[in-house]
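Breakdown of the fold
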Amino acid sequence: MPVTPASSPLRVLAILLAAAAWAPACSDGSPGNGDAGATAETGDGPDGAGGDADVDGDADGDAPRDAADAEDGAEAVFPDEHPRIYLNDANRTRLEGMLADGRAAATRFRTMVDNQLGGADVYAFRASDAALLWQLTGDASYADYAVGMVEDFVASEEALIAGGERPEVAFDSYLYVGEEVGEVALVYDWCFDRLTPEQRTRWLAYADQAVWNVWHNDEAVWGVNPFPWSGWSVDNPSNNYYYSFLRATMLLGLAARGELDSADTWVSTFRDAKLETQLFPTVERDLAGGGSREGTGYGVSMARLFELYDWWEATTGERVADRTAHTRASLPAMIHSVVPTLDRLAPIGDHARDSTAALFDYHRRYIQVLDWLYRDVPEAAVGARFLEDCSVPEMGQGFMFLYDFLYDQPDLAPAPLDELVPAYFAPGTGQLYARSSWNGDATWVSLMAGPYNESHAHHDQGSFLVYKREWLADDQNLRSHSGIRQEEELHNLVRIEQGGATVTMAYDTTATLEALRDDPAYAYFAADVTPAYG
C-alpha cells in the first residue's frame, strides 16, 4: 500500500503483529520483557529471540571456541607428501570405510562417477570426484580419467591464451576461478604420481597466472597481452565472489608448496592477508547472528567458505571455523529461514537460479558442512533432523552427491527441531524469524530490518512475510521468473510515494529493529526503516 509522506524528513515505522494460529508452544523460551533496542553495529539485539541464539551470534550451550582453545590447539602444519589436501588419516579411513561398508551415500557417489567414466554426461561433473576415488580405491582408471579431463581443460585455456584471447577462467570477473583452478589443484595433488613433469609445470603455470590475476586486477595479463579487469569484490568478504577467489588461492597454495615458487605466497595470502586481516574482522563486526547480507539466495554461497574452513583444518590441523562466532551461528540462522513445511525459505535478496526460493541441494550442503564442523554441539543434532525431514533428504543432482558422501554422519543422532526456540534475530543481516511452533502446520513470519549494502540485496527493509501451509503474505519477486527484481514494488512493505513517484531506498543504509516480543500468544516486532531512505 502506498503512503504519501506529509512532511520531510521522512520517517517510517513498520510494526507487525502476528497472532493468527499462534500457539503457546514456546513459553519456556519466551522473554519476560521482549522490548529492547537492536543495535547491529555492536551485535546487541532484542531479548525476545529467546534461547536459540544470543543476538551476538553465540548459540545456546557451549560458546564457540577461539582458535587458541580448539581441541588440538594446533597451528598450521603443512604436509610434504602428496596427497596433501583434505585426505588426512582420519578422513581417508572414514571414507574408505564407508565405501567398503556400502553406505548409501558412498555407493551413490561412486555409481555416479562410474556412470561418467562409462559414457554418461553428468551435469557439471568434476574431475576431482574421480581423483578422490583413485585415492580411496587405488583404481587407476579414476586417476586417468581425472588427469585427462584436466589436461583437456588446461590445453583449451592455453590455446585461447596463445591466440591472444581471454581464457574461460577470467569469465564474469573470475567468478569461477575457485572451481576451475580448484580442479586443477586438486587433481594435481591427488593424482600427482600420474602426471608427467611437463603436465605438472604447465598446470601450475596456468593456475598460478589465474590466481595472480585475481589479486592484481589492474596488472592482469595472459600470455603477452594485458587483460585488466574490475577487481570486483577482491576486498569484500561478504560477497560470494570472494569465496571463489579464496578457494583457488588456498587449494593452489596447499597443492603446490615446494613445487611452485609462489605457493607460499598464496598460502599466506589466503590465511593471513585475507582470512586474518579481512574476513574474520569483517564477519565478526558485520554478521552477528550468522547468515549473509546478500540474502538467502546468493548467501548460500557461504557454504563454500565453511567448506574451506573444514578442508584447511583437515589439511593443516589448524581450526579456523571458530575464529568468528558467525560460523556456528549460521546453522540455526539457516534453519530458521526455512518455512514450517521445510520445503522453501524466506525469499530474501536475489534468487536468480529459482525465483520460488524452493529448498535445493545447495541449502542441504550449507547445513551439512556446518553440522560437520560443529558435530559435537547440540545444534548439529537438530541440523541432522532437519536434513532428514526437509524436502531435500538427499542430493538431487549428481554433481552434489559428493557432499552426501563427505559429510555423511551415521553416528550423529538427530534431535527434534523444537530444541530450537521459535524466534531468531540476526542483527548483522537484519533478518528476523518467528513461528508458532516447529510443527509443519505452524504459522511463520519474518521481518527485514537491517543493513542494505550488497548488490544482491533488495529494497526490502520493513518488509514482512507470513506463511502457514502456503504463503499468506509474500513478495511478488517469487512470481518474477527472474528472481532478481529488487525494487520496492515487488516486496511486501509499506511503499512511500512522494510527488506520485516511489521513494526508493538508499544503498549503504541500515534500518533498525526497535522492539521484539515473542510471547506464547503473539509475536510483536517494530522496526524503524527511516534510515533506509537516506
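Scope of this entry: the structure provided in the associated data block.

Rules behind the numbers
- Residues numbered from 1 in each chain as written.
- Predicted model: local features only at pLDDT ≥ 70, side-chain atom pairs only at ≥ 80, totals over all residues.
- Heavy atoms only, no water.
- Helix = DSSP H or I, 4+ residues; strand = E, 2+ residues; numbered from the N terminus.
- Buried < 20%, exposed > 50% of the residue type's maximum accessible area, 1.4 Å probe, protein only.
- Contact = heavy atoms within 4.5 Å.
- Areas by Shrake-Rupley, 256 points an atom, 1.4 Å probe, with all protein chains shown as cover.
- Salt bridge = Lys/Arg side-chain N within 4 Å of Asp/Glu carboxyl O.
- Phe/Tyr/Trp six-rings, centres within 6.5 Å; stacked < 30°, edge-to-face > 60°.
- Pairing = 2+ DSSP bridges.
- Axes fitted to C-alpha atoms, helices over the stretch in contact; angles between N-to-C directions.
- Parallel < 35°, antiparallel > 145°, perpendicular 65-115°, else oblique.
- Left-handed = near helix turned anticlockwise from the far one by under 90°.
- Nonpolar A, V, L, I, M, F, W, Y, C, P; charged D, E, K, R; others polar.
- Core = buried A, V, L, I, M, F, W, Y, C linked by side-chain atoms within 4.5 Å.
- Expected span 1.5 Å × (residues − 1).

This part covers the overall build of the chain. From N to C terminus, the chain includes 14 helices and 15 strands. A buried classification covers 60% of the 534 residues belonging to the chain. Partitioning the intrachain contacts of the chain with sequence separation of at least 6 by distance along the chain shows that 71% fall at a separation of at least 24. When the accessible area of the chain is evaluated, it comes to approximately 20,500 Å², of which 49% is carbon and sulfur surface.

Our focus in this paragraph is the pattern of salt bridges. Applying the stated criterion to the full structure yields 30 salt bridges. For the salt bridge of Glu307 with Arg247, the shortest nitrogen-to-oxygen distance reads 3.9 Å. You can see Glu307 sitting in helix α10 (residues 302-316) and its partner Arg247 sitting in helix α8 (residues 240-256), a full 60 residues away along the chain. For Glu307, a relative accessible area of 0% gives the class buried.

Secondary-structure assignment places Arg202 in helix α7 (residues 197-215). Judged by relative accessible area, which is 16%, Arg202 ranks as buried. Residues in contact with Arg202, not counting those within four places in the same chain, are Glu151, Val154, Ala155 and Glu158.

Turning next to unusual backbone geometry. Backbone torsion omega between His82 and Pro83 reads 0°, so that peptide bond is classified as cis. By secondary structure assignment, the location of Pro83 is in the loop between β2 (13-18) and α1 (89-101). Of note, the phi angle at Tyr86 is positive, near 75°, even though the residue is not glycine. Inspection of the secondary structure puts Tyr86 in the loop between β2 and α1.

Turning next to the packing of aromatic side chains. Where two aromatic rings form a pair, the distance of their centres and the angle of their planes describe that pair. Applying the stated criterion across every chain yields a total of 27 aromatic pairs. Ring geometry for Phe153 versus Tyr206: centroids 5.9 Å apart, planes at 80°, classification edge-to-face. With a gap of 53 residues between them, Phe153 in helix α4 (residues 140-162) and Tyr206 in helix α7 connect regions that are remote in the sequence. Here the aromatic rings of Trp190 and Trp311 are separated by 6.1 Å at their centres, their planes lie at 35°, and the arrangement is tilted. A residue pair is termed long-range when its members are at least 10 positions apart, and Trp190 in helix α6 (residues 177-190) and Trp311 in helix α10 qualify at 121 residues. The exposure class of Trp311 is buried, given its relative accessible area of 3%.

The next subject is the pairing of strand β6 (residues 431-435). Counting buried positions along β6 gives five out of five residues, so the element sits mostly inside the fold. Here four bridges tie strand β5 (residues 423-426) to β6, and the two strands are oriented antiparallel to one another. Among the inter-strand pairings, Ala426 is bridged to a residue of β6, identified as Gln431. Between β5 and β6, which pair antiparallel one after the other, the connecting turn spans four residues, and Gly430 there sits at a positive phi close to 80°. Pairing geometry for β6 and strand β7 (residues 444-448), over five bridges, is antiparallel. Paired with Tyr433 across the two strands is Ser446, which belongs to β7.

Viewed as axis vectors pointing N to C, helix α11 (residues 326-336) and helix α12 (residues 361-373) meet at an angle of 140°, and their least axial separation amounts to 10 Å. Classed by the angle they form, the pair α11 and α12 counts as oblique. Seen from above, α11 lies across α12 with left-handed handedness. Where α11 approaches α12, its residues Thr327, Ser330, Leu331, Met334 and Ile335 are matched on the opposing element by His363, Tyr366, Ile367, Leu370, Asp371 and Leu373. Residue composition of the contact of α11 with α12, grouped by class: seven nonpolar, three polar and one charged.

The next thing to look at is the environment of Val494. The topology assignment puts Val494 in the loop between β10 (471-473) and β11 (495-498). In sequence terms Val494 and Phe464 are 30 residues apart; their C-alpha atoms lie 9.8 Å from each other.

Within the fold, Asp460 resides in the loop between β8 (451-452) and β9 (464-467). Of the residues examined, Asp460 reaches a relative accessible area of 3% and is grouped as buried. Between the C-alpha atom of Asp460 and that of Glu488, which follows or precedes it by 28 residues, the distance is 6.4 Å. Those residues in contact with Asp460 that sit more than four places away from it in its chain are Ile348, Gly349, Met448, His491, Leu493 and Met505.

This paragraph deals with the nonpolar core. Of all hydrophobic cores here, the largest spans 133 residues; its most connected members are Leu279, Tyr309, Trp311, Phe386 and Phe405. Those residues within four positions of Trp311 in sequence are excluded, and the remaining contacts are Ile85, Tyr86, Leu186, Trp190, Met250, Leu251, Leu406 and Tyr407. Residues Phe425, Ala434, Ala523 and Ala527 belong to the second largest nonpolar core, which totals 22 residues.

Turning our attention to the packing of α1 against helix α3 (residues 127-137). Contact geometry for α1 and α3: axes closest at 10 Å, N-to-C directions at 90°. The angle between α1 and α3 places the two elements in the roughly perpendicular class. Residue-level contacts link Arg92, Leu95, Glu96 and Leu99 of α1 to Leu133, Gln135, Leu136 and Thr137 of α3.

Below, the discussion takes up helix α13 (residues 378-389). Taking 1.5 Å of rise per residue, 12 residues should cover 16 Å, and α13 covers 17 Å from first to last C-alpha, within 8% of that figure. Three or more residues of α13 are buried, namely Glu379, Ala380, Ala381, Val382, Gly383, Ala384, Phe386 and Leu387. Where α13 is buried, its residues touch α11 and α12.

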